[in-house]
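Listed here are the chains, written in short residue letters.
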Amino acid sequence: MSALLLWLALGLALGAAAGERVRGGWARPLDLAVRAALAGLLFAMGAALGGQPLPARDAGRLALQGVALAVATVAGSLAAVRLAGLLAPRPGVPGEPPGPGGTSARGSGP
Amino acid sequence: MTRLAVAAVLAGWTAGRLLGPEGAAALGRLADVCLPALLVLVGAELGARSDAWRRVRNLGPRLLVLPGLVAAGSVLAGAAAGWTLGLEPRLGAAAGAACGWYSLAGAWLARHVDPAAGAVGFLANFLRELLTMVVAGPLARRLGPLAPVAAGGATAMDSTLAAIARAAGPEAALAGLVSGLVLTAAAPLLMGLLAGG
């Protein structure tokens, strides 16, 4: 099993145990810690990339792959949402049974 | 957060260029500490959202349909695009599985594959977030309120939530919050399953 998942599971357990404190007094320090960890992670990634300078052509290829993957993954998810529109509960009334005439019970009005 | 991310990558890249391969490798080991720390911290934030989890539980398995389809569409499209672009399809799929979580995708692929794969994973997911912020309005108008939620992927619970709420209304924002929550919890698992590690 992925080590990533184990770290996330540890965090989930800690967050669930701390509950109110995470949403209350710890919210600001936690937010700062997330930003610090994110900055450190991206700095390390940038350093790894900068330490192995790429020819301009390779850099262009990586950029093209990144852009194409971004567009493709958004398009893939959008294609999926067309299915989700048929299968998933409507936003705002999730799981609500249809009212008389096939309309939402909440939206049917007097 | 976007400015912080760009600044951190550029600062790291500059430091890596100045220090050369050995110094850059030493700096790169910072990720060994920061990635687990980030996952624990994000997990703690998610775990404390008992109200959102209660909503997920109350809605039952039907609610998993939306994030499940968003993840499946992203992974399949990532694999197909990777294959088309000459990347290994599993790397494209792993980049797609991050569903917009660029720090995870970039650091994880850089660590387990190579820095170039990390750069592609970072860029793909970073641009996905930016793209969602830019096109949320037109997507909601043309494809319905769930479209920006799908485009945002895991980021729908935080960084693109405001754009989704503005473009598609508070009800879509609620769907985005829950979908993003599920996708954020699922992304590390999916990336691990698709590309090992």
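Remember, it's a predicted structure, so these values are computed and weren't measured experimentally.

Rules of the game
Residues numbered from 1 in each chain as written. Chains lettered and ligands numbered in written order. Predicted model: local features only at pLDDT ≥ 70, side-chain atom pairs only at ≥ 80, totals over all residues. Heavy atoms only, no water. Contact = heavy atoms within 4.5 Å. Buried area = accessible area lost by both parts, 1.4 Å probe. Salt bridge = Lys/Arg side-chain N within 4 Å of Asp/Glu carboxyl O. pLDDT = per-residue confidence, 0-100. Helix = DSSP H or I, 4+ residues; strand = E, 2+ residues; numbered from the N terminus. Patch = residues over 30% accessible without salt bridge, like charges linked within 9 Å, V, L, I, M, F, W, Y side chains within 5 Å. Areas by Shrake-Rupley, 256 points an atom, 1.4 Å probe, with all protein chains shown as cover. Core = buried A, V, L, I, M, F, W, Y, C linked by side-chain atoms within 4.5 Å. Buried < 20%, exposed > 50% of the residue type's maximum accessible area, 1.4 Å probe, protein only.

### Remarks on the interface of chain B and chain A
Phase 1: The interface is formed by 86 residues belonging to chain B together with 65 residues belonging to chain A.
Phase 2: Both sides together, the interface formed by chain B and chain A hides about 6400 Å², and carbon and sulfur atoms give 82% of it.
Phase 3: In this structure, the connection of chain B to chain A is made through 0 salt bridges.

### Thoughts on the confidence of the model for chain A
Residues and elements named next belong to chain A.
Phase 1: For chain A, mean pLDDT is 73; residues scoring 70 or higher make up 70% of the total.
Phase 2: Helix α2 (residues 20-23) is the least confidently modelled element of chain A, averaging 76 in pLDDT, while helix α4 (residues 56-87) averages 85, the highest of any element.
Phase 3: With pLDDT under 50 throughout, residues 93-110 is counted as low confidence; its partners more than four residues away or in other chains account for 16 contacts.

### Some words on a nonpolar patch on the surface
Phase 1: On the surface, a cluster of nonpolar side chains totalling about 270 Å² of accessible area is made up of W7, L10 and L14 of chain A.
Phase 2: The topology assignment puts W7 of chain A in helix α1 (residues 3-18).

### Things to note about the nonpolar core
Phase 1: Of all hydrophobic cores here, the largest spans 61 residues; its most connected members are L42 of chain A together with L38, L104, L109 and M191 of chain B.
Phase 2: With 10 residues, helix α3 (residues 27-50) of chain A is the largest single contributor of residues to this core.
Phase 3: Counting residues in each nonpolar core, the second largest holds 14 residues, with V81 of chain A together with A71, L146 and A154 of chain B among its members.

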